[in-house]
Amino acid sequence: VYFRNPKLEQQCEEASNEDLPFGLYMDARARSVQEAEKELYQLSFCIREYPPALGMWFHLQLIMSVETNNKIIDRYYKEMVRLGLKDRIGFYVTRDELKQITWDDYYEDWYLWLVDYVQNIDELDQLMTPQFFVLGSD
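Summary of the structure given here. Residue positions are given per chain, counted from 1 along the sequence in the order it is written. Where local features are concerned, this predicted model is filtered to residues with pLDDT of at least 70; where side-chain atom pairs are given and counted, the filter is 80 or more; whole-chain, interface and lining totals use all residues. Derived side-chain values reflect all non-hydrogen atoms in the structure, with water molecules and hydrogen atoms excluded from consideration.

### Comments concerning the packing of helix H2 (residues 33-49) against helix H3 (residues 66-82)
The packing of two helices is summarised by the inter-axis angle and the distance between the axes.
Right, on to step 1. Where H2 contacts H3, the axes come no closer than 10 Å and their chain directions differ by 25 degrees. Taken together, the axes of H2 and H3 are roughly parallel relative to one another. Crossing geometry of H2 relative to H3 is assigned as right-handed. Between H2, through Val33, Ala36, Glu37, Glu39, Leu40, Leu43, Ser44, Ile47 and Arg48, and H3, the contact on the second element is made entirely by Lys71, Ile72, Arg75, Tyr76, Glu79, Met80 and Arg82.
Right, on to step 2. Note on residue classes: Ala, Val, Leu, Ile, Met, Phe, Trp, Tyr, Cys and Pro are nonpolar, Asp, Glu, Lys and Arg are charged, and everything else, Gly too, is polar. Classifying every residue of the contact of H2 with H3 by side-chain character gives eight nonpolar, one polar and seven charged. To obtain an axis, a line is fitted to C-alpha atoms, over the contacting stretch when the element is a helix, and the angle between two such axes runs from 0 to 180 degrees between their N-to-C directions. Strands are runs of DSSP state E lasting at least two residues, helices are runs of H or I lasting at least four, and both sets are numbered from the N terminus onward. In these notes the angle categories are as follows: under 35 degrees is roughly parallel, over 145 is roughly antiparallel, 65 to 115 is roughly perpendicular, and the rest is oblique. It is the rotation of the near helix from the far one that decides the hand of a crossing: anticlockwise by less than a right angle makes it left-handed, clockwise makes it right-handed. Note on contacts: a residue pair qualifies if any of its non-hydrogen atoms lie within 4.5 Å across the two residues.

And the structure:
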């Protein structure tokens, strides 16, 4: 299925005209490696036409077992490297969505944009320490 955002061309061209780097993101919904390949086929056209200087981000909406999801992620990774995005790929996820995969297997090759709200706004007024960014076992 052709799933490109109808405003992709306009948004990317306007950002480029203003010398604004941009990234792309995709809702990853594949249920098998074969479905992932179909998603990636369509996505490859977008990446080739509008190379994302700020990387490619995957919003994980996977519903299969962790084992199957890991195989899907492996396929995404292989294709992103082939398209020249090594070290410019990441997950845009909540803590629950991150549990859909084995994060320990991927943290060295993928960036993590964790959608997690700060419980107390006073934390933002303090000096950010490495502990602020630790995922923890929660």
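### As for the pattern of salt bridges
Where charged atoms from two side chains of opposite charge come close, those side chains can pair.
Right, on to step 1. Salt bridge criterion: a side-chain nitrogen from Lys or Arg within 4 Å of a carboxyl oxygen from Asp or Glu. Summed over the entire model, instances satisfying the criterion amount to eight salt bridges.
Right, on to step 2. Among the ionic pairs, Glu37 bridges to Arg75, the shortest N-O distance being 3.3 Å. Taken together, the residues span a long stretch of sequence, with Glu37 in helix H2 and Arg75 in helix H3 at a distance of 38 residues.
Right, on to step 3. Measuring nitrogen to oxygen at the nearest pair gives 3.8 Å for the salt bridge that ties Lys71 to Glu67. Of this pair, Lys71 and Glu67 both sit in helix H3, four residues apart, roughly one helical turn.
Right, on to step 4. Burial classes follow relative accessibility: with a 1.4 Å probe on protein chains only, a residue under 20% of its type's maximum area counts as buried, one over 50% as exposed, and anything between as partly exposed. Under the relative-accessibility criterion, Lys71 is labelled partly exposed at 46%.
Right, on to step 5. In this structure, a network of salt bridges that share partners links the residues Glu37, Arg75, Glu79 and Arg82.

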